[in-house]
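Tertiary structure, described
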Amino acid sequence: MRLRDLIVNNRFFKSIYRTGYPDTARKRVMVVINSLALHLHPVRVPKRAVRVTYTWGLGGLSIFMFVILTITGVFLMFYYVPSVREAYWSVVSLDTSVMMGQFMRNMHRWAAHMMVLMVLLHMTRVFYTGSYKPPRDFNWVIGIVLLVLTMLLSFTGYLLPWDQLAYWAITVGAEMGGSAPFVGKQVNIALLGGFEIGQATLIRWYTLHVIFLPLLLIVVVSMHFWRVRKDGNISTPIY
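Described in the following lines is the structure provided in the data block. (Residues numbered from 1 in each chain as written. Predicted model: local features only at pLDDT ≥ 70, side-chain atom pairs only at ≥ 80, totals over all residues. Heavy atoms only, no water.)

**A closer look at the overall build of the protein chain**
When you go through the protein chain residue by residue, the secondary structure sums to 11 helices and zero strands. N-terminal to C-terminal, the α/β element order of the protein chain is α-α-α-α-α-α-α-α-α-α-α. For the protein chain, whose C-alpha radius of gyration is 23 Å, the value lies well above the compact-globule estimate of 18 Å for 239 residues. Residues counted as buried form 35% of the 239 residues belonging to the protein chain. The contacts of the protein chain with a sequence gap of at least 6 include a subset with a gap of at least 24, amounting to 65%. (Helix = DSSP H or I, 4+ residues; strand = E, 2+ residues; numbered from the N terminus. Rg over C-alpha atoms; globule rule 2.2 N^0.38 Å. Buried < 20%, exposed > 50% of the residue type's maximum accessible area, 1.4 Å probe, protein only. Contact = heavy atoms within 4.5 Å.)

**Concerning helix α8 (residues 137-159)**
Along its 23 residues, α8 runs 34 Å from first to last C-alpha, staying within 8% of the 33 Å computed at 1.5 Å per residue. Every buried residue of α8 is accounted for by N139, I142, G143, L146, L147, L149, T150, L153, T156 and L159. Looking at the buried positions of α8, the neighbouring elements they touch are α7 (101-128), α9 (164-178) and α11 (199-230). (Expected span 1.5 Å × (residues − 1).)

**Remarks on the packing of α7 against α8**
Relative to each other, α7 and α8 sit at 160°, their axes nearing to 10 Å. By the angle between their axes, α7 is roughly antiparallel relative to α8. α8 is crossed by α7, and the crossing has left-handed handedness. For the pair α7 and α8, contact is made by M115, V116, V119, L120, M123, V126 and F127 and by W140, G143, I144, L147, T150, M151 and S154, respectively. Tallied by class, residues from the contact of α7 with α8 come to 11 nonpolar, three polar and no charged. (Axes fitted to C-alpha atoms, helices over the stretch in contact; angles between N-to-C directions. Parallel < 35°, antiparallel > 145°, perpendicular 65-115°, else oblique. Left-handed = near helix turned anticlockwise from the far one by under 90°. Nonpolar A, V, L, I, M, F, W, Y, C, P; charged D, E, K, R; others polar.)

**A word on unusual backbone geometry**
A cis amide bond links P134 with the next residue in sequence, P135, at an omega value of 10°. The residue P135 is located in the loop between α7 and α8 in this model. Even without being a glycine, M100 presents a positive backbone phi close to 65°. Take M100: it is sitting in the loop between α6 (87-96) and α7.

**Let's talk about the packing of aromatic side chains**
One pass over the full model with this rule turns up eight aromatic pairs. Judged by centre distance (5.1 Å) and plane angle (85°), the ring pair of Y167 and W168 falls under edge-to-face. Linked through ring pairs, F127, Y132 and W140 together constitute an aromatic cluster. (Phe/Tyr/Trp six-rings, centres within 6.5 Å; stacked < 30°, edge-to-face > 60°.)

Here's what the structure looks like:
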């Protein structure tokens, strides 16, 4: 019996490829349809739609930056103390006393900058190539939401060192929120966690940065991928 037959008849292999060995076009299609990861993409994609010079891989690079931010952010959470008294000194200790602490923090910071840049360039590419037009117009709106979430993640992370830059950034951000018509006062109190900048303020922004905004971003990104899949994958260049 050939090695291939041994593999194909293996019970574990059959649990992965329930339609059998993907040696025909139909079976290869079924593999894609039955796979959660592969189902994110259509079964067939025009070759010219995946040219590097057309997409530049900007959407994938944006997600890659988010993955780096998640990994390095979890590392930083082991050492960062969300306390008005300890936040700044925990960052200093991270840079000076923790092995590879400064490297991980710089990776986190530069990945945050790059994610903002990649998302902006991705949306510029989508706009320039007309990929926002029907039937992908709703996905363009989702992309705008993702851009806002990316900016909010960057802003909330900027505040966590709790230095002078963070203090005045919170002041400006809270005042901007407080300028909203009708609900400005309520928004200001919600952002500060009270009537002045303090411990409650830091906890709120920290919670937004490490829990609420990342989870919301994952949900919206999943919706974005789903819409790309349902709208016939990425747009196809006419040239």
